[in-house]
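# Summary of structural features
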Amino acid sequence: MRDKHGINLSYNKAYRSKDNTLHIVFGDQWESFKMLPAYFHMLEKSNPGRVTKTETYRKNRFKYGFMALGAFIERFNTVIRTVIPDDATLLKSNTRGVLLVVVCKDGNEIIYPLAFGFANSECAKLWTWFLTKLREVILCLELLMIVSDRCTGISNGMKAIFRDAAQGVCAYQLAKNLKQHCRKRGDVINLYYRATYVYRVEEFGRLMAELPQLRLMPRKRYGPRKRTEIQLEYLLQHWFHDRRSNAREMPKFLTHNADQHIKDRVLPSQRCEIHPFDCNRFKVYSKWNEEIVDLEQRSCSCREWDLDELPCIHAMVVATFKGMPISALCSDFFTIGWLKQAYAMAVNPVPKPEVWDITNAVHNCIVLLWKKMIDRKTREKSDTFC
Ligand SMILES: [Zn+2]
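Just so we're clear, the structure is a prediction, and the values are computed from it rather than from any experiment.

## Digging into the overall build of the protein
Broken down by element type, the protein carries 16 helices and 11 strands. Across the 386 residues of the protein, 30% fall into the buried class.

## What to know about the sheet that holds strand β10 (residues 290–294)
Read across the sheet, 4 strands follow the order β8-β9-β10-β11 without closing on themselves; strand pairing throughout is antiparallel. Across the chains shown, the open sheet's two edge strands, defined by having one partner strand only, are β8 (273–276) and β11 (299–300). Strand direction decides the pairing type here: β8 and strand β9 (residues 281–285), joined by 4 bridges, are antiparallel. When the bridges of β9 are listed, Glu273 appears paired with Tyr285.

## Quick notes on the nonpolar core
The tendency in soluble globular proteins is for nonpolar side chains to be buried as a group. One finds Ala68, Leu114, Ala115, Phe130 and Ala315 to be the most contacted residues of the largest nonpolar core, which totals 63 residues. When residues of this core are assigned to domains, at least three map to each of domain 1 (30–246 + 360–385) and domain 2 (255–334). Once residues lying within four places of it in the same chain are set aside, the contact partners of Ala68 are Arg50, Val51, Ile73, Leu114, Ala115 and Val137. Phe33, Phe40, Met42 and Phe62 belong to the second largest nonpolar core, which has 9 residues in total.

## Thoughts on helix α13 (residues 313–322)
Among the 10 residues in α13, 7 count as buried, and that is most of the element. Looking only at α13, the buried set comprises Ile313, His314, Ala315, Met316, Val317, Val318 and Ala319. At the C-terminal side of α13, Gly323 shows a positive phi close to 75°.

## Things to note about the pairing of β9
Judged by which residues are buried, β9 turns out to be one-sided: Phe282 and Val284 face inward and are buried, whereas Arg281, Lys283 and Tyr285, on the alternate face, are not. The hairpin turn running from β8 into β9, its antiparallel successor, is 4 residues long. Where β9 lies against β10, 5 bridges are found, and the strand directions are antiparallel. Among the inter-strand pairings, Val284 is bridged to a residue of β10, identified as Glu291. Following β9, the chain reverses through 4 residues before pairing antiparallel with β10.

## Remarks on unusual backbone geometry
The phi angle at Glu109 is positive, at roughly 60°, despite the residue not being glycine. Tracing the backbone through its elements, the reader meets Glu109 in the loop between β4 (98–105) and β5 (111–119). Despite not being glycine, Glu309 shows a phi value in the positive range, around 60°.

## Some points on the sheet that holds β4
Reading across from one edge, β1-β2-β5-β4-β3-β6-β7 is the order of the 7 strands in this open sheet, with mixed pairing throughout. Edge positions in the open sheet fall to β1 (51–56) and β7 (166–169), since each of these has one partner strand only. Averaged over all pairs of adjacent strands, the angle between their axes in this sheet comes to 20°, without regard to strand direction. By the bridge criterion, 8 bridges tie β4 to β5 in an arrangement that is antiparallel. What sits directly across from Leu100, in β5, is Gly117.

## Comments concerning the pairing of strand β2 (residues 62–68)
Summarising burial for β2: 7 of the 7 residues are buried, a large majority. Pairing of β1 with β2, which is carried by 6 bridges, proceeds in the antiparallel orientation. If you follow Thr52 over to β2, its bridge partner there is Met67. The hairpin formed by β1 and β2 contains 5 residues between the paired strands, and Lys59 there has a positive phi angle of roughly 60°. Pairing of β2 with β5, which is carried by 5 bridges, proceeds in the antiparallel orientation. Pairing of Tyr64 across the sheet is with Ala119, part of β5.

## Some details on the packing of helix α7 (residues 171–181) against helix α8 (residues 186–196)
Contact pair α7 / α8: the axes reach a minimum separation of 10 Å and the direction vectors enclose 170°. Of the possible angle classes, the one that applies to α7 and α8 is roughly antiparallel. Of α8, the residues touching α7 (which contributes Ala171, Ala175, Leu178 and Lys179) are Val188, Ile189, Tyr192 and Thr196. Considered class by class, the residues forming the contact of α7 with α8 number 6 nonpolar, 1 polar and 1 charged.

## Some thoughts on the confidence of the model for the protein
Residues with a pLDDT of 70 or more make up 86% of the protein, whose mean pLDDT is 79. Predicted confidence is poor over residues 214–225, with pLDDT under 50, and the contacts of this stretch with residues over four places away or in other chains come to 22 contacts. Contacts from residues 377–386, a stretch scored under 50 in pLDDT, to residues over four places away or in other chains number 10 contacts.

Parameters and conventions
Residues numbered from 1 in each chain as written. Predicted model: local features only at pLDDT ≥ 70, side-chain atom pairs only at ≥ 80, totals over all residues. Helix = DSSP H or I, 4+ residues; strand = E, 2+ residues; numbered from the N terminus. Buried ≥ 20, exposed ≤ 12 C-beta atoms within 10 Å, placed from the backbone. Pairing = 2+ DSSP bridges. Core = buried A, V, L, I, M, F, W, Y, C linked by C-beta atoms within 7 Å. Domains from an automatic or database assignment. Contact = placed C-beta atoms within 7 Å. Axes fitted to C-alpha atoms, helices over the stretch in contact; angles between N-to-C directions. Parallel < 35°, antiparallel > 145°, perpendicular 65-115°, else oblique. Nonpolar A, V, L, I, M, F, W, Y, C, P; charged D, E, K, R; others polar. pLDDT = per-residue confidence, 0-100.

Right under this line is the structure:
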């Protein structure tokens, strides 16, 4: 600010200025809790299929909030790969709290949001409540994989609510923990990263066996609102619009990401040799190894095709040998048609509060901000609501 505008501005003043600006744009966030039921009611009305829930403590104090996006959930159940990471992050507004996020990836490998949760702090009960609500909207449990940092709350919630789903540990979160405890052990970090990128179970086991015995890390503690939701609303509308436009402009059969995946493997695949031994099975020799490709099972012994659902170099060699289009080896998730379907529904804006058409029951259902945030001086003492 000093270099560009010649103004001496302290961090504190900049923070208060930003806060005042947000107040002017979005209104009083402390008071906005009272509008939460009406706002959720209008959200569901403007966007059919959207699911919103709120939970309160006694005296109508806000406890938890849940919002699943109808347009996203419906497409997730049909045209999106069923791999969903979930996590929580701290909110930095005056009212504090945590934001729970569940996302997945579209056919272009871009984040595709599914559901959000809001609460004053992260705890096991919150995750159980949130996952219960999530379970109600996710219909497709077959091949569902949930990736998280496996904190106690999530882990217990998964066991109770998503018993049939496969669970995975977030490699990024695990790497962060590993770096904290092995800062001077570059060999351990390198070995870990190599292990995260292999496809074969035996290769993964061999690399993990080389990892030295690590000490367990102390568990980290991680530390709703209308304003947050409105900002989310704008963000999601932009995402939907931009990605729908991008998908329309993609000229090919496959998404950009899948197309690039194939381009990167064309040259290595040209250096391979192929020996058919069945009408559907082929042995492919590369510089480093030999793999068996089964076209009927859509599988390769290197496991890359099986797990990524995009062809490995060995499968590409077979496709070229058979005169098949390589795009036929890709999962439908990576086609432009499915990508367009994923963003086919728009995220409709909620009308201004002056024109909200809400029933008396919704109007009278006022949610209040949790007490401890009302009076900061007695914050610790008033934590009885937890
Ligand atoms: Zn392969």
